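Listed here are the chains, written in short residue letters.
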Amino acid sequence: MEKFRKLMLTLIGTFIIIGVGTVKAKADSFAVYYIDMQKLINESPQGKKAKTELEAEIKKAESQLKKLAKEIEQLKKELSSPLISQKTKQQKETEIQTKILQYRQLQQKSQKLLSKFERELTAKILKDVFKIVEKYRIEHNIPMIVEKNEAGIISADPKYDLTGKILKLYSRAGK
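Every chain begins its residue count from 1, and numbering advances along the sequence as written. Totals for whole chains, interfaces and linings use every residue, but because this is a predicted model, local features are given only for residues with pLDDT of at least 70 and side-chain atom pairs only at 80 or more, for both listing and counting. Remark: hydrogens and water are excluded; side-chain values derive from all non-hydrogen atoms of the structure.

**Quick look at the overall build of the protein**
Part 1 of the reasoning: We count a stretch as a helix when DSSP gives it H or I for four or more residues in a row; a strand needs E for two or more, and each element gets its number in order from the N terminus. Looking only at helices and strands, one finds 5 helices and 2 strands in the protein.
Part 2 of the reasoning: In the protein, the succession of helices and strands from N to C terminus is α-β-α-α-α-β-α.
Part 3 of the reasoning: When the 175 residues of the protein are sorted by exposure, 22% land in the buried category.
Part 4 of the reasoning: Residues count as neighbours in contact if any of their non-hydrogen atoms are within 4.5 Å of one another. Restricting to contacts in the protein with at least 6 residues of sequence separation, those with at least 24 account for 82%.
Part 5 of the reasoning: To be clear on the numbers: accessible area is Shrake-Rupley with a 1.4 Å probe, and residue cover counts the displayed protein chains and nothing else. Surface accessibility of the protein: about 13,500 Å² in total, with carbon and sulfur atoms responsible for 57%. Burial here depends on accessible area, computed with a 1.4 Å probe over protein chains only, as a share of the maximum for the residue type. Under 20% is buried, over 50% is exposed, and the range in between is partly exposed.

**What to know about the side chain of Thr163**
Part 1 of the reasoning: By the secondary structure assignment, Thr163 is in helix α5 (residues 163–173).
Part 2 of the reasoning: Assessed through its relative accessible area of 1%, Thr163 is described here as buried.
Part 3 of the reasoning: Here a polar contact means two N or O atoms within 3.5 Å. Within protein one must be a hydrogen donor candidate and the other an acceptor candidate, and residues neighboring in sequence count only if both atoms are side-chain atoms. Polar side-chain contacts of Thr163 include one of 2.8 Å to the backbone nitrogen of Asp36.
Part 4 of the reasoning: Setting aside residues up to four positions removed in sequence, Thr163 forms contacts with Tyr34, Ile35, Asp36, Lys39 and Leu40.

**Overview of helix α4 (residues 86–139)**
Part 1 of the reasoning: Along its 54 residues, α4 runs 79 Å from first to last C-alpha, staying within 8% of the 80 Å computed at 1.5 Å per residue.
Part 2 of the reasoning: Residues of α4 that are buried in the fold lie against β1 (33–35), α2 (37–43), α3 (45–79), β2 (145–147) and α5.
Part 3 of the reasoning: Just beyond α4, the residue with positive phi is Asn141, at close to 55°. By this rule the span expected of a helix is its residue count minus one, scaled by 1.5 Å.

**What about unusual backbone geometry?**
Part 1 of the reasoning: Backbone geometry at Asn141 places phi at a positive 55°, although glycine is not the residue there.
Part 2 of the reasoning: Position of Asn141 relative to the elements: it lies in the loop between α4 and β2.
Part 3 of the reasoning: Take Asn141: its relative accessible area is 69%, and that puts it in the exposed class.

Function cannot be read off these values alone, since they describe shape.
What follows is the structure in structure tokens.
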């Protein structure tokens, strides 16, 4: 009975050692691949197009605000004239207050619309990139791909950086 017990302990120990060795071998071959999403957005044709669209919307909003600011300045000049009557002066002051209120409302509305527009453009790009990344991961039998900045990667071997490869695939997809 004692020999059987020693044999069992020896076998269990051997299985544990073999098992640990197998786990260690698998852990050594595991690598974390990553992409830099910000670089993908900034350097892809789709990202550049989105940036151009956003800049056009910003210029449009700025133009509307500048026009309203000029109207306010013109009213202030008219108000400073010594030749206007008290009644006209009150009307101009009311008009200036109304224009200032319109300016602030337009400014807030523009900021909200631009933020929404930017989120929508970014969401579309991310959705498309995620599809490409997932397809690439499956085709190349990669267990995991993380986003470099979101994962908090401080230092990594560049050979695991898939940004360039994904950028090429995404750029081709947009043509």
